[in-house]
Amino acid sequence: MRRPIATFCVLAAVFAACTLSPVAAQAGDLVVKPRNPKTIFRTQDGVYEPRKLKYRVSTTAGKRTWVLRSRKTMFTGTPPSGKARKRAKRVVVTPNDARIGALAPGNYDLRLVWRAKGRGNKRVKRNVSLVVEGDAAAGLSYFTNSCSGCHDIGVNKNGPRLGGVYGRKAGTVPGFSYSDALVAYGEVWEERTLNAWLKNPQKLVPGANMYVLVADPVDRMNIIAYLKSVSP
């Protein structure tokens, strides 16, 4: 009578080991690198910089089945799905020409999502900023009609000269008296910062000496494209 009991105990121990082992019962977490946000720039000529984004997908233990998603299919991934294992595999993400080409000039915050199938249905998200460049000629027209009363490209007026403003640190034009708030802000002027400044300067830099708002995002991007064209 002892052998059946012993056999039962052995089988129970094997069953417990199979069900409780963390490696056998639980797949590793999905890992996507790099973690830092990426920026894709699209010029008026339809050129993308960079043309491709590269990620490495892996898992901390076991394996996971994953699927890459992108907002309104703005990007496509190769491969779009697969098995994640400890050894990372490369995923190349490229802009969707038709989708992005139909967008108006502007700054867009998009997101790539790696959805892991199976237990927990975990997701890993990576942020992508998409900059669609404006039209410099239209920006010149807007600048001449709406901005030239206070600004000039070559000389300081009521506002600082704007020649070379793209790529320049805020509050650093020689001979111009800036507000303390703008000097303290100290960011470099590029698409993201100039767009936020033109949209609502007081929101971006409370206490700055500018109160004019440019409501239309296309107008903002056109102005930025023009200012970029007169910057080294």
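Preceding block: the structure.
Residues numbered from 1 in each chain as written. Predicted model: local features only at pLDDT ≥ 70, side-chain atom pairs only at ≥ 80, totals over all residues. Heavy atoms only, no water.

(A) Summary view of the nonpolar core. Leu 182, Trp 189, Trp 197 and Leu 198 are the most contacted members of the largest nonpolar core, which totals 25 residues. When contributions to this core are tallied by element, the ones reaching two or more residues are α5 (180-185), α6 (191-199) and α8 (217-229). The biggest single contributor to this core is α8, with 5 residues. Discounting chain neighbours no more than four positions away, the residues touching Leu 198 are Met 210, Val 212, Leu 213, Val 214, Arg 220, Ile 223 and Ile 224. Counting 23 residues, the second-largest nonpolar core is a separate cluster that includes Leu 68, Ala 84, Leu 112 and Ala 116. (Core = buried A, V, L, I, M, F, W, Y, C linked by side-chain atoms within 4.5 Å. Buried < 20%, exposed > 50% of the residue type's maximum accessible area, 1.4 Å probe, protein only. Helix = DSSP H or I, 4+ residues; strand = E, 2+ residues; numbered from the N terminus. Contact = heavy atoms within 4.5 Å.)

(B) View of the packing of helix α4 (residues 136-146) against α8. Put simply, α4 and α8 touch, their axes get as near as 7 Å, and they point 100° apart. Here α8 runs roughly perpendicular to α4, going by the angle between their axes. Residues Ala 136, Ala 138, Gly 139, Leu 140, Tyr 142 and Phe 143 of α4 form the contact with α8, whose participating residues are Asp 219, Asn 222, Ile 223, Ala 225, Tyr 226 and Ser 229. For the contact of α4 with α8, the class distribution of residues is 8 nonpolar, 3 polar and 1 charged. (Axes fitted to C-alpha atoms, helices over the stretch in contact; angles between N-to-C directions. Parallel < 35°, antiparallel > 145°, perpendicular 65-115°, else oblique. Nonpolar A, V, L, I, M, F, W, Y, C, P; charged D, E, K, R; others polar.)

(C) Broad picture of unusual backbone geometry. Residues Lys 33 and Pro 34 are joined by a peptide bond in cis, for which omega reads 5°. Secondary-structure assignment places Pro 34 in the loop between β1 (30-33) and β2 (38-42). Cis geometry is found at the peptide bond from Thr 78 to Pro 79, where omega equals 0°. Checked against the element boundaries, Pro 79 lands in the loop between β6 (75-78) and β7 (81-84). At Lys 72, a residue that is not glycine, the phi angle is positive and equals roughly 50°. Residue placement: Lys 72 occurs in the loop between β5 (64-70) and β6. Positive phi outside glycine occurs at Thr 73, with the angle close to 50°. Assignment of secondary structure puts Thr 73 in the loop between β5 and β6.

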